[in-house]
Amino acid sequence: MGTPSPVPCPCASLVRDAPDGADVCAIVVAGGSGERFGDPRGKQFVDLCGLPLMSWSIMAFDRAPSVARIVVVCAPDRAAQVEKDVLSELSLAKPVTLAPSGATRQDSVRSGLDATPCDLPLVAVHDAARPLIEVGQIEECVSAVRVDESLAGAILAARSVDTLKLVEGNTIVATPDRSFYWAAQTPQVFRRRVLLAAHKAAAHEDYQGTDDASLVERLGGKVRVVESTRDNIKITLPEDLALAEAALERRLLT
Ligand code: CTP
Ligand code: MG
């Protein structure tokens, strides 16, 4: 018997029309319940400078030259709302598909990953709750992974500006050297097959991480940081919205 011929990727047709050189599928996770934000509409849908909050990050990935297509992960009962109030209001150049969210952010990313075409070697996972992401920052993370074959991924992160304390109960037990500490943000860009393997391993071992890089790190994958501004905040509490609004208005005026 000869060597079996490779099975063609069922999603090849999805990437046939990708812009030249675009090798990234963006996964924008928007399936959370926004408990800390506390708005019954869900923080992804509240108005930010005239658009539902999640629109801003989708637009940034749509404009990023490295991105071929976008998967938006949302609660199944919000899919119609995402189509009508978000996607149909934007003139997007890239194809967008929806994937159902899961109980945790990690489950939502996994669902998004399962919806990414295997022909695109890179994925960029991004929180819909970070509307201030800029195209240049997305491209920087992507380039970092493209140029260094030893990397499993690259994430946007900000240097710690505060002095950090290790606290037990309410007692300080150590003051670590803050120059070693960075706050992880998104996007987090990975080789698709590596992130998928890391998610499968985490699911198998019942491990819940607080970001995607941690899943890859625990398998020994090398992930680098790309320095971010502190602007790229995650909308978590109601007061974060005013900060994002001010930053976005400043940006739109310049
Ligand atoms: N997210 C998701 N699926 C989940 C949980 C979170 O897609 N099951 C998404 C959120 O929509 C958000 C991002 O992951 O864009 C970061 O999560 P977070 O800021 O914690 O948002 P929520 O989980 O919605 O907020 P909270 O933790 O306050 O309930
Ligand atoms: Mg959450």
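Source: prediction; values computed, not measured.

Engineer: Is there a simple way to think about the site of ligand 1 in this case?
Structural biologist: Lining the immediate environment of ligand 1, one finds 19 residues, of which G31, G34, E35, S108 and K234 sit closest. Contact distances for ligand 1 include 2.9 Å between an oxygen atom and a side-chain N or O atom of K43. Out of a free accessible area of 560 Å², ligand 1 has 88% covered by protein chains.

Engineer: Sorry if this is basic, but what is going on with the nonpolar core here?
Structural biologist: Nonpolar side chains in soluble globular proteins generally cluster together in the buried interior. Counting residues in hydrophobic clusters, the biggest one holds 44 residues, and the most contacted among them are M54, I58, F61, I70, V82 and V86. Listing elements by their share of this core, those giving two or more residues are β1 (24-29), α2 (53-63), β4 (67-74), α3 (79-86), β6 (122-127), α5 (135-147), β7 (153-159) and α8 (238-253). For this core, the element with the highest residue contribution is α2, accounting for seven residues. Residues contacting I70, with those up to four places away along its chain left out, are A26, V28, I58, F61, D62, P95, V96 and T97.

Engineer: Is there a simple way to explain the packing of helix α4 (residues 105-114) against helix α6 (residues 192-204) in this structure?
Structural biologist: Axes are the key here: two packed helices are described by the angle between their axes and the distance separating the axes. Across the interface, α4 lies against α6 with an axial gap of 11 Å and an inter-helix angle of 135°. Judged by the inter-axis angle, α4 sits oblique to α6. With respect to the hand of their crossing, α4 and α6 are arranged in left-handed fashion. Two secondary-structure elements touch here, α4 through Q106, V109, R110, L113 and D114 and α6 through R192, L195, L196, H199, K200 and A202.

Engineer: Would you take a moment to explain the packing of aromatic side chains for this structure?
Structural biologist: One pair of aromatic rings is described through two measures. These are the centre distance and the angle between the planes. Applying the stated criterion to the full structure yields zero aromatic pairs. Positioned above the aromatic ring of Y207 is the side chain of R218, whose terminal nitrogen or guanidinium carbon lies 4.1 Å from the ring centre.

The rules behind the values
Residues numbered from 1 in each chain as written. Chains lettered and ligands numbered in written order. Predicted model: local features only at pLDDT ≥ 70, side-chain atom pairs only at ≥ 80, totals over all residues. Heavy atoms only, no water. Near = heavy atom within 4 Å. Polar contact = N/O pair within 3.5 Å; in protein donor to acceptor, adjacent residues only side chain to side chain. Areas by Shrake-Rupley, 256 points an atom, 1.4 Å probe, with all protein chains shown as cover. Core = buried A, V, L, I, M, F, W, Y, C linked by side-chain atoms within 4.5 Å. Buried < 20%, exposed > 50% of the residue type's maximum accessible area, 1.4 Å probe, protein only. Helix = DSSP H or I, 4+ residues; strand = E, 2+ residues; numbered from the N terminus. Contact = heavy atoms within 4.5 Å. Axes fitted to C-alpha atoms, helices over the stretch in contact; angles between N-to-C directions. Parallel < 35°, antiparallel > 145°, perpendicular 65-115°, else oblique. Left-handed = near helix turned anticlockwise from the far one by under 90°. Phe/Tyr/Trp six-rings, centres within 6.5 Å; stacked < 30°, edge-to-face > 60°. Lys NZ or Arg CZ within 6 Å of the ring centre and 35° of its normal.

This is a description of form; function is not addressed.
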